[in-house]
Amino acid sequence: MIGLISATAAGAAARDRLAAAWPDRTRVYDGPVGEAVRAAFAECEQLVCFLATGATVRLVAPLLADKSTDPGVVCVDEGGRFAVSLVGGHGGGANALARAAGEVLGAEPVVTTATDAVGLPGLDTLGLPYEGAVAAVSRALLDGEPVALAADVPWPLPPLPLAASGAHTVRLTDRAVAPGEREVLLRPPSLVVGVGASRGAPAEEVLGLVEEALREAGLSPRSVAELATVDAKADEPGLVAAAGRLGVPLVTYTAEELAGVAVPNPSAAPLSAVGTPSVAEAAALARGGELLVPKRKSVRADGRPAMATCAVVRRPGRGRLAVVGLGPGARDLLTPRAAAELRRASVLVGLDQYVDQIRDLLRPGTRVLESGLGAEEERARTAVAEARAGHAVALIGSGDAGVYAMASPALAEASDDIDVVGVPGVTAALAAGAVLGAPLGHDHVSISLSDLHTPWEVIERRVRAAAEADLVVTFYNPRSRGRAWQLPEALAILAGHREPTTPVGVVRNASRPDESSRVTTLGALDPATVDMMTVVTVGNTATRNVAGRMVTPRGYRWQDGTPAGAR
């Protein structure tokens, strides 16, 4: 919960705007400011104080105890111009809160945390449990000193300027080791604990067995990603409680699924009880990995039969491929999600001219693999290979990456051994449509006129189908120096089904500084004025030119002759 505190009418107005935007996340604290701050500090994970920074500092200073447990505090001036991350930038989430509040209020976020100021991800913000000398290692990174990466377990990380060797170290490990004096341990969620239990097995017995297995194998409980079992045990109280105390989900599989997993120690007991010869080992190995701790049973102090079994598996880190659409070119049409993926990626793959568009958004340490026109398949293979090597990869394309762009060749190359995330972008057709008015107000289709990869016979058949179906058509790749005849051919096909007066929109470099556009007609369009940087949108039989804008009615009332004022 986020506590909101204000002292004046102006502050209350901004406070209420934030409360209205986040009704389920915020709580307004009224009354004397000092009492409100103390109450919110004790009850909330974060605070936004609509006060002067000096006043906020004096109010929260006596309450501060430990940076790892104190709530994050953001201070917003009463004019709503700035959202200052004051306390708990990383651990308390104040940096992210300042940015989020700034978006709602139109305020500029002010973040002074050293790593954020230079674009480095904080070691305590990577989403992994951490231990050790975070401040010292972060300072070394900031000072440009070599910091070594030691990966006992390969795991995808955001970009960090790490070296092969150095006086300071970032270690990725699931081993139960203590950090060195100049070392930060990052705990990847690499361990899966398979568990089986008799009905009524106590949580203490399950938990004690798991902790003992991890301890004897030299593994850290902080790297346990999940407990896994058969679905017949999904509601077993001891398993549910053990997972809750470990802070991990309880994942279940059907007996049929587990019976298909090869294990070293099958048994007749679970086969007769739940229909699979293995629960603990099979559940741990259900998604692959290396068996570190074979099935073992709990030992009860009273000498009675064991009621729990467990096995531990290490799953390798899965690489991550984000296929990112950059939009039509304008920075304000790049989505926040796309920008976040660019900052997250440790490897960026893309066409050189697209890389240049967003190079300033990349974090220090990002490895850039760029190539020129015509190397789409090579870029797709490179991106997938980098993800398979365990990296966090962003493969970029213009517009939407799934529309005439990189998603298709990349996903055709990828298999289920990597995680794939699609990040949508504003397409050229949508950008051009917004410039032209509302040409896509009803059913429409996009067709590329490039026959580099698609035979013209196929393209022609698609154009004829769109013409006969009376669809608005947006032509991508309409004309180049080496392909001058396809656009006239396509327009002639449409002209066989539409009047010469049908509106046609021509937009070049939509959303970019040299954008140009015009609305003409199917009969008047000169194909020689079109090039590869142009999108051509041809209306259907209902599309009209209204005050110089293309408008395709969503319904059919515009065609019945009824005056607008009478509808």
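For the structure itself, look to the data block above.
As the structure is a computational prediction, the values presented were derived from the model and not from experiment.

**Re the packing of aromatic side chains**
Part 1: This model, assessed by the stated rule, comprises 2 aromatic pairs.
Part 2: Aromatic side chains Tyr404 and Tyr476 sit 4.7 Å apart centroid to centroid with 55 degrees between the ring planes, which places their arrangement in the tilted category. Linking Tyr404 in the loop between strand 19 (392-397) and helix 15 (407-413) with Tyr476 in strand 23 (residues 472-476), this pair joins segments that are 72 residues apart in sequence.
Part 3: Taking the centre distance of 5.1 Å and the plane angle of 70 degrees together, the rings of Trp456 and Trp485 count as edge-to-face. Taken as a pair, Trp456 in helix 17 (residues 456-468) and Trp485 in the loop between strand 23 and helix 18 (486-495) lie far apart in primary sequence, 29 residues in all.
Part 4: Classification of Trp485 as partly exposed rests on a relative accessible area of 43%.

**Examining the side chain of Thr520**
Part 1: The residue Thr520 is located in strand 25 (residues 516-521) in this model.
Part 2: Leaving out residues up to four positions away in the same chain, Thr520 has contacts with Thr502, Pro503, Val504 and Leu525.

**Things to note about the sheet that holds strand 12 (residues 224-230)**
Part 1: The 5 strands are arranged 13-12-11-15-14 in an open sheet whose pairing can be described as mixed. The sheet is open, and its two edges are formed by strand 13 (250-253) and strand 14 (290-297), each paired on a single side. For this sheet the average axis-to-axis angle between neighbouring strands, irrespective of direction, equals 25 degrees.
Part 2: In this structure, strand 12 lies alongside strand 13, joined through 4 bridges in parallel fashion.

**Quick notes on the sheet that holds strand 6 (residues 108-110)**
Part 1: If you trace the 6 strands from one edge of the open sheet to the other, you get 2-1-3-4-5-6, paired in mixed fashion. One side of each edge strand has no neighbouring strand; the edge strands of this open sheet are strand 2 (26-29) and strand 6. The average angle at which neighbouring strand axes cross in this sheet is 25 degrees, direction not considered.
Part 2: Relative to strand 6, strand 5 (residues 82-87) runs parallel, the two being bridged by 3 bridges. Of the residues in strand 6, the one forming a bridge with Ala83 is Pro109.
Part 3: Those strands touched by helix 2 (residues 33-43) are strand 1 (2-6), strand 2, strand 3 (46-50) and strand 4 (72-76), and its axis lies near 175 degrees from that of strand 1.

Parameters and conventions
Residues numbered from 1 in each chain as written. Predicted model: local features only at pLDDT ≥ 70, side-chain atom pairs only at ≥ 80, totals over all residues. Heavy atoms only, no water. Phe/Tyr/Trp six-rings, centres within 6.5 Å; stacked < 30°, edge-to-face > 60°. Helix = DSSP H or I, 4+ residues; strand = E, 2+ residues; numbered from the N terminus. Buried < 20%, exposed > 50% of the residue type's maximum accessible area, 1.4 Å probe, protein only. Contact = heavy atoms within 4.5 Å. Pairing = 2+ DSSP bridges. Axes fitted to C-alpha atoms, helices over the stretch in contact; angles between N-to-C directions.

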